[in-house]
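A structural walkthrough
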Protein chains: 2
Amino acid sequence: MSEQGSPTPADATKQTLWFDEQVTGLKIIDQTMLPHQLRILSLNSLDEACEAIINMRVRGAPLIGITAAFGVYLALREGSVDLHSACEKLLATRPTAVNLRWALDRVFRHVVALAPAQRCQAALVLARTLLAEDAAACSAIGDHGLALLRELAARKQQAGLAAELNILTHCNAGWLATGAWGTALAPIYKAHQAGLPVHVWVDETRPRNQGASLTAWELGQSGVPHTLIVDNAGGHLMQKGLVDICLVGSDRTTANGDVCNKVGTYLKALAAFDNGVPFYAALPVSTIDFEIHDGVRDIPIEERSAQEVTHVSGLADDGKLHTVRLCPPGTRVSNVGFDVTPARLVTGLITEKGVFTASVQGLAEIRSSL
Amino acid sequence: MSEQGSPTPADATKQTLWFDEQVTGLKIIDQTMLPHQLRILSLNSLDEACEAIINMRVRGAPLIGITAAFGVYLALREGSVDLHSACEKLLATRPTAVNLRWALDRVFRHVVALAPAQRCQAALVLARTLLAEDAAACSAIGDHGLALLRELAARKQQAGLAAELNILTHCNAGWLATGAWGTALAPIYKAHQAGLPVHVWVDETRPRNQGASLTAWELGQSGVPHTLIVDNAGGHLMQKGLVDICLVGSDRTTANGDVCNKVGTYLKALAAFDNGVPFYAALPVSTIDFEIHDGVRDIPIEERSAQEVTHVSGLADDGKLHTVRLCPPGTRVSNVGFDVTPARLVTGLITEKGVFTASVQGLAEIRSSL
C-alpha cells in the first residue's frame, strides 16, 4: 500500500474509494488518519485490501462490501491465490456486516462461471458496478429520507415549533462509509441542499470515535450545522425535546426488522422510544439478511481489540499524533463492535426502494420489490 | 495548594480526603492525575478548595459536600472573607449535586450562631463530623446493599445459574467520591470481602472517563474483578444476560424518586428496564432534595467545557501525560454533566437507612426515618 498526495477537493468531499484509471489502481482515503490528515492510499494486493478492512482504513457496511469486491480483482490480478481462497480471506476480515458476504457472493458467482483469462477484468467491472450501484442506492435513500424530513419539518411548523430539525446520529453512516452520499447522512445532505434548516447531534461513538473524527469532519466539509456530544448525552437531549428524529445506519438488518449497527445504537433507540422520538435506520437493501429472524440471538457480534478502549489517539499541541492510555495498565476489557436494536424500537427503514416498517411484513415488502 | 509525597498505603486505599493534624491542613488525592499518578495535594485556602471542586480534583456528590465544609473552615482561618460570602462562593462551584448546598447550609447554620472567635474551630469540628458521618453512612449503604446482593446470588443459585454476580456501574461512586467505602461500590467491596464472587462491568464514563481512570483503579487496588467497557456496550451486555444488577450513585434524588446522576445513567436504566435487570441507586440521604418533585423538569443540569469532549488526556509511551484532540478544530460541542433517570426505571434506593422504593411513598418513608 503506498501513500499518495491529496486528491482534488471534489474527490475528497464526495468519495472515499475510487478506481484510478491512470494507474489502474484502487484508491482510498485512510479513515484512521481523519480528521487530522487527509491521506490517500493505493491498495495493490489482496493482503492490502484485507489489511485496510481489518484496521478500518475503510469501514461502514456498504464500503466494506465494495472494497472486498475490488479485493477479489486485486487477488486475481496478482494471480497468487485462487478465487475461492481470495473470497474466504476477505470474508474473514469482519464478521458482523452482511454486505461483505453479499458482495463476495455476487462477485464469486459472476466470475466463477467465466474462463480464467476473463475473470480478472470481469471482477474489476463488477466491483465498479457495485460501487456505482451503491452510490445510486444511497442517493435514492437520501431522496426518500428527504421526503420524511420535509414531513417532519411541516409538522413542526404546524405545531408552531422552531423550524430547525434536530437529527441525532450515531457512528458514521455518511459518504465515508459508502459509495457516495452515505446512508443515514444522505437525507441530511439532501435536506441541507434543499434549504431545510437541519442541525445534527453527532454521537462521538466510542471506542473508535467515528462520530468525532469522521461524521463531524464530513458534515463540516459540507457546511452542515452540527454539534458533537458524548454517547451518554443523547438520552438527556431527547428528554428535553431537543431531538426531532434519530437517523442511523445498519450493518445487518434481519427478516423481522431487527437492526444491527454500531454498539450503542440500541441505547439511543430505547431513549427515542421512551420519549416519542422517531427512530429510523437508513440502509441499502444489500445490508438485509433475510436468513436471520432474530437479530439479538443470531447475529455474530464482532469482538475487537482491548487497545481500542484502553488507548485513544489524537492530535497533540506539538502537531503530532499521540496515543495515550486512559486506564490502569493491564485493565481487562470487553469490546463488542455492534449491538442489535429490536424491530419494536425502530420506526422505519429508509431504503433505496422506499420507506418500510421494521417488521416481518415490511421486510417481505422489500423482498418482493427486489 | 501544594504537592506532597505519597500517603501510606492504608490512606491511599481507603480515603481520598483527610485532615492532617500534623500540619493542620486538608489533604486530598488529586483525582485528575489518577490512574497515572497518585498525587496528594494540600488545600490551604477558600480559593484552593473552590478550584479543587471546579476542576474535579475532588468530585462525587458526598465528597463535594465534605470538601465545601472544610472550605468554610479554610475561609474562616484566612479571615479575608465573611462566612456568608465564603458559602456563596463554594455553592457556585457545581450546580447539580445537592450535597454541596446541604453541607453548606448545615455549616452555616451551626457557625453563624456562634461568637466570631469560635467560628473557625467550630467549622473544622463540623467538617470532620460530616466526613465521619459520610463514611459511616456509606458503610451502612454497603451493608444494606450486601444483603441485596446475597439475595440475588441465592436466587441465581436456586435457578441453577453461574454463581458469579455481574454488576454494572457507571462513573465512579466509590471511596474516591465519598468519605470512605463509596455509595454504589460499597456493597461491592463488602460482598468481595464476604467472599461473594462479584465481577464489575465498569462504564468508562465519557467525557471525563471516571470509570476508566477512577473506578477501574479503585477496584484494582482492592482486587475486585472488573472489566472496562465503553458506555455504548451496556445495552448489549444486558440483552445477552451478562448483567445481574446495575448499581449507580446519585448526585440528587427527588421527592418522587427521580435519580440525577452522571450523564448516561438514564440510558443504562432504560436498558436495564427493557431486559428485566434490577437497577439500584445507592446514596446517602444527604443527596435527597425533598423540594423537587420532577427531576427531569426541575434539576439544573451543569453544562461543562467543550474541551472535556474534544480532547482526552492520558499517558503516552514516553511516560508523559499528553492531551490530544479527537475531532476537527473548532467543532461545536454540547457537554451536559448529568441526566435524570425517572423513578419508574429505578428498582430501589439503597440508603444508610435501608432500601426503599423510588417513589413518593418510598421517599416519604425515608423522610420519616430522619
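Residues numbered from 1 in each chain as written. Chains lettered and ligands numbered in written order. Predicted model: local features only at pLDDT ≥ 70, side-chain atom pairs only at ≥ 80, totals over all residues. Heavy atoms only, no water.

1. Some details on the pattern of salt bridges
Applying the stated criterion across every chain, the model contains 40 salt bridges over all chains. In this structure, Asp289 of chain B and Arg101 of chain B form a salt bridge, with 3.5 Å as the shortest nitrogen-oxygen distance. Taken together, the positions of Asp289 of chain B in strand S12 (residues 288–289) and Arg101 of chain B in helix H5 (residues 99–112) put the pair 188 residues apart, joining distant regions of the chain. With a shortest N-O distance of 3.9 Å, Arg155 of chain B and Glu151 of chain B are connected by a salt bridge. Separated by four residues within a single helix, Arg155 of chain B and Glu151 of chain B lie in helix H6 (residues 116–158), roughly one turn from each other. Taken together, the shared-partner salt bridges in this structure form one network comprising Arg94, Arg208, Glu302, Arg304 and Glu308 of chain A. (Salt bridge = Lys/Arg side-chain N within 4 Å of Asp/Glu carboxyl O. Helix = DSSP H or I, 4+ residues; strand = E, 2+ residues; numbered from the N terminus.)

2. As for the packing of aromatic side chains
Aromatic rings in a pair are described by how distant their centres are and how their planes are angled relative to each other. In this structure the tally under the stated criterion is six aromatic pairs over all chains. Ring plane angle 75° and centroid distance 5.9 Å describe the contact between Phe19 of chain A and Tyr73 of chain A, whose orientation is recorded as edge-to-face. Here Phe19 of chain A is found in strand S2 (residues 17–20), whereas its partner Tyr73 of chain A is found in helix H3 (residues 61–78), with 54 residues between them in sequence. For the pair formed by Phe19 of chain A and Tyr73 of chain A, the shared burial category is buried. Among the aromatic residues, those joined into a ring-pair cluster are Phe19, Phe70 and Tyr73 of chain A. Sitting over the ring of Trp181 of chain A, Lys190 of chain A keeps its end group 4.2 Å from the ring centre. Above the ring of Phe338 of chain B, the side-chain terminus of Lys262 of chain B is found at 4.5 Å from the ring centroid. (Phe/Tyr/Trp six-rings, centres within 6.5 Å; stacked < 30°, edge-to-face > 60°. Buried < 20%, exposed > 50% of the residue type's maximum accessible area, 1.4 Å probe, protein only. Lys NZ or Arg CZ within 6 Å of the ring centre and 35° of its normal.)

3. Section: helix H13 (residues 360–369) of chain B
All names here are of chain B. Those residues of H13 that fall on the buried side of the exposure criterion are Gly362, Leu363 and Ile366. Along the axis of H13, the buried positions cluster into a sector of 95°, meaning they face one direction only. Those residues of H13 that are exposed and aimed more than 90 degrees away from the buried face are Val360, Gln361 and Ser368. Tucked inside the fold, the buried residues of H13 contact strand S9 (252–254), S12, strand S16 (348–351) and strand S17 (354–356). (Arc of directions from axis to C-beta. Contact = heavy atoms within 4.5 Å.)

4. Quick notes on the relation of the copies chain A and chain B
In summary, the two copies of the chain are related to each other by a rotation about an axis coupled with a shift along it. Mapping chain A onto chain B calls for a rotation angle of 180° and an axial translation of 0.0 Å; the resulting RMSD is 0.0 Å. Both chain copies can therefore be described as sitting about a two-fold axis. In this assembly, 100% of the residues forming the interface of chain A have copies in chain B that are likewise at the interface, indicating an isologous arrangement. (Least-squares fit on C-alpha atoms with pLDDT ≥ 70 in both.)

5. Digging into the confidence of the model for chain A
Residue and element names in this part refer to chain A. This prediction gives chain A a mean pLDDT of 94; 96% of its residues lie at or above 70. Under a pLDDT of 50 for its full length, residues 5–13 has, in the predicted model, 13 contacts with residues more than four places off or in other chains. Confidence estimates for the predicted assembly give a pTM of 0.95 and an ipTM of 0.94. (pLDDT = per-residue confidence, 0-100.)

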